[in-house]
Amino acid sequence: MSDNCLFCKIINGTIPADIVYQDDTVLAFKDINPQAPVHILVIPKRHIATLDDLTEADRADIGHLMERLAHVARAAGVAEKGYRTIINTRAHGGQEVFHIHAHILGGKPIGPMVAR
Ligand code: 5GP
Ligand code: ZN
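Calculation criteria
- Residues numbered from 1 in each chain as written.
- Chains lettered and ligands numbered in written order.
- Predicted model: local features only at pLDDT ≥ 70, side-chain atom pairs only at ≥ 80, totals over all residues.
- Heavy atoms only, no water.
- Helix = DSSP H or I, 4+ residues; strand = E, 2+ residues; numbered from the N terminus.
- Polar contact = N/O pair within 3.5 Å; in protein donor to acceptor, adjacent residues only side chain to side chain.
- Contact = heavy atoms within 4.5 Å.
- Donors = N, O, S within 2.8 Å, 3.2 Å for Na, K, Ca; no water.
- Tetrahedral: all angles 85-135°; square planar, octahedral: opposite > 155°, others 65-115°.
- Buried < 20%, exposed > 50% of the residue type's maximum accessible area, 1.4 Å probe, protein only.
- Pairing = 2+ DSSP bridges.
- Near = heavy atom within 4 Å.
- Areas by Shrake-Rupley, 256 points an atom, 1.4 Å probe, with all protein chains shown as cover.
- Nonpolar A, V, L, I, M, F, W, Y, C, P; charged D, E, K, R; others polar.

Asker: Report on the side chain of glutamine 95, specifying residues and quantitative values.
Answerer: Tracing the chain through its elements places glutamine 95 in the loop between helix H3 (90-93) and strand S5 (102-106). A distance of 2.9 Å separates the side chain of glutamine 95 from the backbone oxygen of alanine 49, its partner in a polar contact. For glutamine 95, the side chain forms a polar contact with the main-chain nitrogen of arginine 90, separated by 2.7 Å. When near neighbours in sequence (up to four residues on either side) are disregarded, glutamine 95 contacts Ala49, Thr50, Asn88, Thr89, Arg90 and His101.

Structure below.
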């Protein structure tokens, strides 16, 4: 847990969220400002600030997170037609919340991969 981390507060229940999946190490919840009909964020329950902060010790958890992300996308009904997965890193990547998270965007064609 990290003090003043928005997503750690969602993990510990201080801030409510529309949770669609969780297990021991992963939490998935709906984005508060959806950019597509399905917009879900998938995060590790352990605080990791950015993709650049990953180490060898995180390999198993992140591998599990990606497999669970695919499960969440299937459960949300977007897997067959497809979806986009995005991880923004730091300022130039457009990262706003510094707790690593993967976006799932689907439910319509997401279009060309451009900055928003
Ligand atoms: P980033 O720009 O860091 O990749 O994405 C952060 C995402 O978190 C944004 O899409 C934003 O809408 C979402 N977000 C920010 N605050 C909250 C919140 O309090 N609850 C939820 N569910 N999503 C949030
Ligand atoms: Zn955090």
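Asker: Which residues make up the coordination of the zinc ion (ligand 2), and what values go with them?
Answerer: Protein coordination at the zinc ion (ligand 2) comes from Cys5 (SG), Cys8 (SG), His47 (ND1) and His99 (ND1), with a distance range of 2.0 to 2.3 Å. Metal-centred angles of 106 to 116 degrees between the four donor atoms at the zinc ion (ligand 2) mark the site as tetrahedral. For the zinc ion (ligand 2), all donor residues lie on one chain, and their spacing in sequence is C-x2-C-x38-H-x51-H. Cysteine 5 gets classed as buried once you look at its relative accessible area, which sits at 6%. Residue class for cysteine 8 comes out buried when judged on its relative accessible area of 1%.

Asker: Go over the pairing of strand S3 (residues 38-44), please, and point to the residues and values.
Answerer: Taken across its seven residues, S3 has seven buried, putting it largely inside the fold. Alternating residues of S3 divide into Val38, Ile40, Val42 and Pro44 and His39, Leu41 and Ile43, and every residue in both groups is buried. As defined by bridge partners, strand S2 (residues 26-30) adjoins S3 across five bridges and the pair is classed as antiparallel. When the bridges of S3 are listed, valine 26 appears paired with proline 44. Inspection of the sheet shows S3 paired to S5 by five bridges, in the antiparallel sense.

Asker: I'd like to hear about the site of ligand 1, residue by residue, with values.
Answerer: Around ligand 1 there are 17 residues in total, and Asp31, Asn88, Glu96, His101 and His103 lie nearest to it. Taking lysine 30, its main chain carries an N or O atom lying 2.9 Å from a nitrogen atom of ligand 1. For ligand 1, an oxygen atom lies 2.8 Å from a polar atom in the side chain of asparagine 88. Against a free-state accessible area of 520 Å², the protein chains account for coverage of 89% of ligand 1. Broken down by secondary-structure element, the contributors of at least two residues to the shell around ligand 1 are helix H1 (6-11) and S2. For the shell around ligand 1, the element with the highest residue contribution is H1, accounting for three residues. A per-class count over the shell around ligand 1 returns seven nonpolar, six polar and four charged.

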